[in-house]
Amino acid sequence: MAERNRPHIVIREPAQAEAYRPPPRRMSGAGLSAPYDPLAHGLRLRRELASAEDEGRVRREQRDIEIAGAVNGIYVTFESFPDIRLALESLDPRQGNLHPELVAVREIQSEDQTVEEATVFVPDGKLGYFLRQLDRYIGTAGEERRRHRNLYDRVATVGLASLEQLWTDPPDQFPSMEEAAWWEVWLRRRDGNELQRFAIFAERARLQMGRPVLGFADRTVVLVEATAMQLAGALDVLDDLAELRQPQESAALIAQETAEEQAERVTTLASRIKPPPADAPAVCVVDTGVHRHHPMLATSLHDSDCQACDPNWGVGDHHGHGTEMAGLALFGDVGADLLSSESIRLRHLLESVKILPPPPRHNPKEVYGAVTATAVSRVEVARPERSRVFSMAITSKRSTQVGGETPETVFGQPTSWSSALDALAAGLAVDTDTEGMAYLDEAELAAHRLFIVSAGNVEVADANHLDRSDIEPVEDPGQAWNALTVGAFTNLDDMSQASDFPGWKPVASRGELSPFSRTSVAFGRGWPVKPDVVLEGGNVAKSPSGRDFDAPEVLQLLTTKAPLRDQRLLTVTRATSAATAQAGYLGGSILAEYPSSWPETVRALIVHSAQWTPPMLNRFMQATKRHERLALLRRYGMGVPDLARATKSATDSLTMIAEDIIHPFDGQGRMREMHLHQLPWPTEVLAGLGETTVQMRVTLSYFIEPNPGRRGWVRRYSYPSHGLRFEVRRATESTDDFRKRVNALALAEDERRPRSDSDSNEWFFGPQTRTTGSLHTDIWTGTAADLARRGAISVFPVSGWWKERKDRDHSERGARYTLIISIDTPEVDVDVYTPVAQQVGIPIEVEI
């Protein structure tokens, strides 16, 4: 393997954009079964709707609260037949200023079936929309093509909604009716006064509201303490309720043992540090604050770069966790630097923002998305010109435990916190008003942000740690689509110096997943693969009896310590927090190497550089089916990233980077364009290698704008604003044939799509498996002769809520993406770098 000493090749030539329409898809599957007696079915639904209207009017008349500006109406729930999806868009007509509006969708699962419930707010006088449809359905009940059958053939029953039917978290987590609890209340944005109306209701009902408040484009999220009985009153007097969820709980931070290294080592290392330049990028540690006077941190973390969400908290580290993260985010491997005698040239700075208060204060119930948005705002206001990555190793505990009743479709769903991260990553501006509301405003391409977050920790040690990790889902907000989510693996398995643990053995073998790491194996099928990558997180030891578990210092990572309980300056840390901080170091280092890189590019380079360890790769190679590989991908991500691979190419390992802006839709609900990248390609070199096995790796990274309301996640209610996919030209295709295969508009009138042999078996995951989330990566393996003819890649859009909601389609502004392509020739020492560098005009030094 040649030395990695050459910069990656950045493709400056923009892609060729052309009008796009996706090829037709083959549709299959049985049609929808009709009710046994459509006439009786329609008559019953009509009676249920009329009864709901009467009952709602009576309930409203019994309330002694009246809210000015609220629209009178009722909340109606439509329930599907078992294992049938409702026609959600037909329940949400969006006609005129006041119309029925779909506000919440949830699934109720039993052992062998699933029922879908959709709750719609119907203003007074607008129930006729559904009654007239039902009249037409009833009038044509005897006909095969009866009117509105696609809507009402799916509906089993209709009724006045209860508070439980606005609850979109798992049903078994719904609070008891008479016990006070904190609720995350999602309000629909109608006229901008929804928060004031809800505050009036809360005051009159004697409810306590939390702060701050989080605002999305069409939803406002607020916390309130109430019993279910108290909160149910809002259904009768407010039209603003959209859905109810459980608030996030901040995870307890792990107290660490004190390391035995002496403070003199720190002084010696500090003398070898060459500080980063003043204009260097930064890693912002979002945590408990940082002890900035630590000798190893002082030259990289300045007073003006330390912030707190609440200035009354102070900016210092009151717990210790933030300082531990800062050491790893700045140095990467603190232990290696302490043992070295060489100078340490730092290339990125640190920033700190505290989002947890010091004792004796405790965070009140808060919308953590709003807290995070406030933290981001404080950092960016202080240093608006600086490029940075945000490293956040704090997660929320999921209240559903292993063995609970939560269906797997719930795991991975967006929350207010993960949606806020996605919105912030996509460049939405933070506007904090005097009432404490953090509103995520119009996005800007230049304001995109990269968040590096932890997958969360398994808290119960288990000798069968892989099985345990597979059923412990990634914690909130690690499911965020645009974030780089980090899990943990371990190479720490040497217990020879753990004299206090005689006979104990490490739980995880070298190169395996750390026992601390959570996974997305339990996520629903449509949610992103998390973690994206894994880094060192330490190990757990088990006693000779196998009944006790502990984490000896030798199985943890050395890092910096805040002198809180004693004056020592070093300690050990572990788990996905430690892994996340190391990923922050990678992000800062990549920004230092490529200062103008987009956040999408930094994320892509980290994932693109990752490789599976030998134990991980062995499991992948034993998995013969794609779904088995997908499950392993949801455990390990793409493996362990490497800074050298992320920042440098070699003569026999070429990496190309293309950053571009695509306009997915035309503002009228149609696809607009696709991009064709005709890449500089080492054609002659590859052709000369003939049947030699080579690899190509492709990574596509982009940020979506979120649509977090739980209304079924399809079409206009889908979570991502848009999706992108890539296709590579096959060896047997011309460029024209390739265009015609992926773009229906490239075909002449009456021309049939050209046929070419599928290459899906040559891709490690394949086009159907690599499509979740907003980062897609895959590895092609084949002959060099085949790869020589594959130097064209298309990037094209797939649907999202931008397409379905014309009034909010931001396609004209454009959607950024990064495309990374690598060519590796592991079997031969051959120069694939120089021919491509010459094609793009990079001068090559010739060694004599």
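Read on for an overview of the structure. (Residues numbered from 1 in each chain as written. Predicted model: local features only at pLDDT ≥ 70, side-chain atom pairs only at ≥ 80, totals over all residues. Heavy atoms only, no water.)

### Re empty space enclosed by the protein
Here the structure, examined in full by the defined rule, presents 6 cavities of 30 Å³ or more. Computed from the structure, the largest cavity encloses a volume of approximately 220 Å³. Surrounding the largest cavity, 21 residues form its lining, Val 529, Asp 532, Leu 633, Thr 772 and Leu 775 being those nearest its centre. Contributions of two or more residues to the lining of the largest cavity are made by α14 (599-608) and β37 (775-783). Of the residues forming the lining of the largest cavity, the biggest block, 3 residues, is contributed by β37. Residues of the lining of the largest cavity, tallied by class, amount to 10 nonpolar, 7 polar and 4 charged. Taken as a whole, the second largest cavity spans an internal volume of roughly 80 Å³. (1 Å grid on protein atoms, 1.4 Å probe; cavity = no way out; pocket = protein on both sides within 12 Å on 5 of 7 lines; lining within 4 Å. Points joined across faces, edges and corners; volume = space filled by probe spheres on them. Helix = DSSP H or I, 4+ residues; strand = E, 2+ residues; numbered from the N terminus. Nonpolar A, V, L, I, M, F, W, Y, C, P; charged D, E, K, R; others polar.)

### Comments concerning the pattern of salt bridges
Counted under the stated rule, the structure contains 54 salt bridges. The partner of Asp 124 in a salt bridge is Arg 60, and the shortest N-O contact between them spans 2.9 Å. One end of the pair, Asp 124, is in the loop between β6 (114-123) and α2 (128-139); the other, Arg 60, is in helix α1 (residues 38-62), with 64 residues separating them in the sequence. Given the relative accessible area of 42%, Asp 124 is considered partly exposed. Across the pair Asp 493 and Arg 510 runs a salt bridge whose closest N-O atoms are separated by 3.0 Å. Placement of the pair is Asp 493 in the loop between β24 (484-490) and β25 (505-506) and Arg 510 in the loop between β25 and β26 (512-513), with a sequence separation of 17 residues. Taking relative accessible area as the criterion, Arg 510 reaches 48% and is therefore assigned partly exposed. Through salt bridges that share partners, Glu 101, Arg 188, Arg 190, Asp 191, Arg 197, Asp 239 and Asp 240 make up one connected network. (Salt bridge = Lys/Arg side-chain N within 4 Å of Asp/Glu carboxyl O. Buried < 20%, exposed > 50% of the residue type's maximum accessible area, 1.4 Å probe, protein only.)

### Quick notes on unusual backbone geometry
A cis geometry characterises the amide bond from Asp 476 onward to Pro 477, with omega recorded as 10°. Along the polypeptide, Pro 477 turns up in the loop between α12 (465-470) and β24. For the bond from Lys 530 to Pro 531, the omega torsion is 0°, close enough to zero to count as cis. Mapped onto the fold, Pro 531 is located in the loop between β26 and β27 (533-536). Although it is not a glycine, His 148 sits at a positive phi angle of roughly 60°. A positive phi angle, near 70°, is found at Ala 575, a position not held by glycine.

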